[in-house]
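Chain and residue survey
Listed below are the residues making up each chain.
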Amino acid sequence: GREDGVKNGIKSGALEGQVLGCEKGYELLNEIGFYDGVTEMWLKILEKGLNIQNAKKPINERLIKQLTSLRELISTYPIENQQNVEFLDLLNKIRSKYKVCTSLLGV
């Protein structure tokens, strides 16, 4: 009975691990997609010369630089498993850059 239990445990553990991996992967890429969409929206708004904060203020070049930098960081995030990539370190860099951008936007 013990041997059957070990075999079934290995089988069900692998299945649970796969399901959990899919769920966490979806959550991570959902967050990255949100950052990408927000960044794209603000870059397009700024390209058209609209300044949401105050129409009399010139467009902030630092903001455009930060948004562009965030876009580049997002594009480096892998969408497939890779062995030598620190997913969480890169995600933390993206989160930090996003916070800087929202601070510059005043939102």
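Right, let's walk through the structure included here. (Residues numbered from 1 in each chain as written. Predicted model: local features only at pLDDT ≥ 70, side-chain atom pairs only at ≥ 80, totals over all residues. Heavy atoms only, no water.)

Okay, the overall build of the chain next. The secondary structure content of the chain amounts to 3 helices and 0 strands. Reading the chain from its N end, one meets helices and strands in the order α-α-α. The proportion of buried residues among the 107 residues of the chain is 25%. Accessible surface for the chain amounts to roughly 8,200 Å². Of this, 54% is attributable to carbon and sulfur atoms. (Helix = DSSP H or I, 4+ residues; strand = E, 2+ residues; numbered from the N terminus. Buried < 20%, exposed > 50% of the residue type's maximum accessible area, 1.4 Å probe, protein only. Areas by Shrake-Rupley, 256 points an atom, 1.4 Å probe, with all protein chains shown as cover.)

What follows covers the environment of Gly25. Residue position: Gly25 is located in helix H1 (residues 2-47). As for Gly25 and Asn81, which are separated by 56 residues in sequence, their C-alpha atoms are 9.9 Å apart.

Inspection of the secondary structure assignment puts Trp42 in helix H1. Considering only alpha carbons, one finds Trp42 and Ile64, 22 residues apart in sequence, at a separation of 8.8 Å.

What follows concerns the packing of helix H2 (residues 61-76) against helix H3 (residues 87-105). Closest axis-to-axis distance for the H2/H3 pair is 9 Å, and the angle between their directions is 160°. Compared by their axis directions, H2 and H3 come out roughly antiparallel. The handedness of the crossing between H2 and H3 is left-handed. Contact residues: H2 offers Arg62, Leu63, Gln66, Leu67, Ser69, Leu70, Leu73, Ile74 and Thr76, while H3 offers Leu90, Lys93, Ile94, Lys97, Tyr98, Val100, Cys101, Leu104 and Leu105. Partitioning the contact of H2 with H3 into residue classes produces 12 nonpolar, 3 polar and 3 charged. (Axes fitted to C-alpha atoms, helices over the stretch in contact; angles between N-to-C directions. Parallel < 35°, antiparallel > 145°, perpendicular 65-115°, else oblique. Left-handed = near helix turned anticlockwise from the far one by under 90°. Contact = heavy atoms within 4.5 Å. Nonpolar A, V, L, I, M, F, W, Y, C, P; charged D, E, K, R; others polar.)

Okay, H1 next. Here H1 spans 66 Å end to end across 46 residues, near enough to the 68 Å set by a 1.5 Å rise per residue. Within the span of H1, buried status applies to Glu31, Ile32, Tyr35, Val38, Thr39, Trp42, Leu43, Ile45 and Leu46. Summarising the contacts, the buried residues of H1 are in contact with H2 and H3. Two residues or fewer past H1, Gly49 is found with a positive phi of approximately 85°. (Expected span 1.5 Å × (residues − 1).)

Let us now look at the packing of aromatic side chains. Enumeration according to the criterion identifies 4 aromatic pairs in this entry. With 4.6 Å between their ring centres and 40° between their planes, Tyr35 and Tyr98 make a pair best called tilted. One end of the pair, Tyr35, is in helix H1; the other, Tyr98, is in helix H3, with 63 residues separating them in the sequence. Judged by relative accessible area, Tyr98 falls into the buried class, the value being 17%. Ring pairing ties together the aromatic residues Phe34, Tyr35 and Tyr98, which thus form one cluster. (Phe/Tyr/Trp six-rings, centres within 6.5 Å; stacked < 30°, edge-to-face > 60°.)

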